[in-house]
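Fold and contact review
What follows is the residue order along each chain.
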Amino acid sequence: MRKSARTILITQENKLLLMKRTKPGSVYYVTIGGGIDEGETAEQALIRELKEESGSIVTNIQFVFHYDDWEKQNSVDFFVCQEIKRTTPTGTEWTKWNSDDNRYELVEFSGDELSDLPLKPDNIKDKIIDIFKNSIL
């Protein structure tokens, strides 16, 4: 299984930063993160992926749960953290983004907006929302 790190990222405005994915016939949201490279810890991978995908610089990184996505053969460590600054993303993803068949967009949400959101994976959506809401109190 591929190992990944993802984050429940709380912005400076106490909102949840998510990635909106638009593909032909499909619009959904995901947490930010990605694969753990050889020699990296999950936390190191998370910091790198945040810089690449959102330009986010974070603090207070805390492990919150582990999730095995058997369908995608992905073993994921989830963290919660606080964004302290956002700069220009550094990853090659930006050159692929906004093509006709694969669009990415960073979107911030308050807790009240999350219940009807198509947040993936579906089976841990409520857990992600609960952790976010409990982290901003």
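First things first, this report covers the structure right here in the doc. (Residues numbered from 1 in each chain as written. Predicted model: local features only at pLDDT ≥ 70, side-chain atom pairs only at ≥ 80, totals over all residues. Heavy atoms only, no water.)

Under the definition given, this model contains 3 aromatic pairs. Aromatic side chains tyrosine 29 and phenylalanine 109 sit 5.2 Å apart centroid to centroid with 85 degrees between the ring planes, which places their arrangement in the edge-to-face category. In this pair, tyrosine 29 sits in strand 3 (residues 26-30) while phenylalanine 109 sits in strand 7 (residues 103-109), placing the two residues 80 residues apart along the sequence. For tyrosine 29, a relative accessible area of 9% translates into the label buried. (Phe/Tyr/Trp six-rings, centres within 6.5 Å; stacked < 30°, edge-to-face > 60°. Helix = DSSP H or I, 4+ residues; strand = E, 2+ residues; numbered from the N terminus. Buried < 20%, exposed > 50% of the residue type's maximum accessible area, 1.4 Å probe, protein only.)

Take the nonpolar core next. The biggest cluster of nonpolar side chains holds 20 residues, and the ones touching the most others in it are Ile8, Leu18, Phe65, Phe78 and Leu114. When contributions to this core are tallied by element, the ones reaching two or more residues are strand 1 (2-10), strand 2 (16-23), strand 5 (56-69), strand 6 (74-86), strand 7 and helix 3 (125-135). The dominant element in this core, judged by the number of residues it contributes, is helix 3, at 4 residues. Every residue in contact with leucine 114, bar those within four places of it in the chain, is listed here: Leu16, Leu18, Phe109, Lys125, Ile129 and Phe132. (Core = buried A, V, L, I, M, F, W, Y, C linked by side-chain atoms within 4.5 Å. Contact = heavy atoms within 4.5 Å.)

Charged atoms that come close allow side chains of opposite charge to pair. As enumerated under the stated definition, the model contains 7 salt bridges in all. Where glutamate 40 meets arginine 48, a salt bridge forms, and the shortest distance between an N and an O atom there is 2.7 Å. Its relative accessible area of 21% is what places glutamate 40 among the partly exposed residues. For arginine 48, the salt bridge identified is with glutamate 52, shortest N-O distance 3.4 Å. Placement of the pair is arginine 48 and glutamate 52 together in helix 1 (residues 42-53), with a separation of 4 residues, close to one helical turn. Given a relative accessible area of 18%, glutamate 52 falls into the buried group. It is possible to trace a salt-bridge network through shared partners that takes in Asp37, Glu40, Arg48, Glu49 and Glu52. (Salt bridge = Lys/Arg side-chain N within 4 Å of Asp/Glu carboxyl O.)

Attention shifts here to the environment of isoleucine 84. By secondary structure assignment, the location of isoleucine 84 is in strand 6. The spatial distance from the C-alpha of isoleucine 84 to the C-alpha of asparagine 60 is 9.8 Å, given a sequence separation of 24 residues. Apart from residues no more than four positions distant in its own chain, isoleucine 84 is found in contact with Gln12, Ile57, Val58 and Thr59.

Examined bridge by bridge, strand 1 and strand 2 share 2 bridges and lie antiparallel to one another. Directly across from leucine 9, in strand 2, lies its bridge partner leucine 17. Two successive antiparallel strands, strand 1 and strand 2, enclose a turn made up of 5 residues, where asparagine 14 displays a positive phi of approximately 60 degrees. Taken together, the 7 bridges between strand 2 and strand 7 define a ladder with antiparallel strand orientation. Note that in strand 7 the partner of leucine 18 across the bridge is valine 107. Judged from the 5 bridges that link them, strand 2 and strand 3 form a sheet pairing that is antiparallel. Of the residues in strand 3, the one forming a bridge with lysine 23 is serine 26. The turn joining strand 2 and strand 3, which pair antiparallel and follow one another in sequence, is formed by 2 residues; a positive phi near 80 degrees is taken by glycine 25. (Pairing = 2+ DSSP bridges.)

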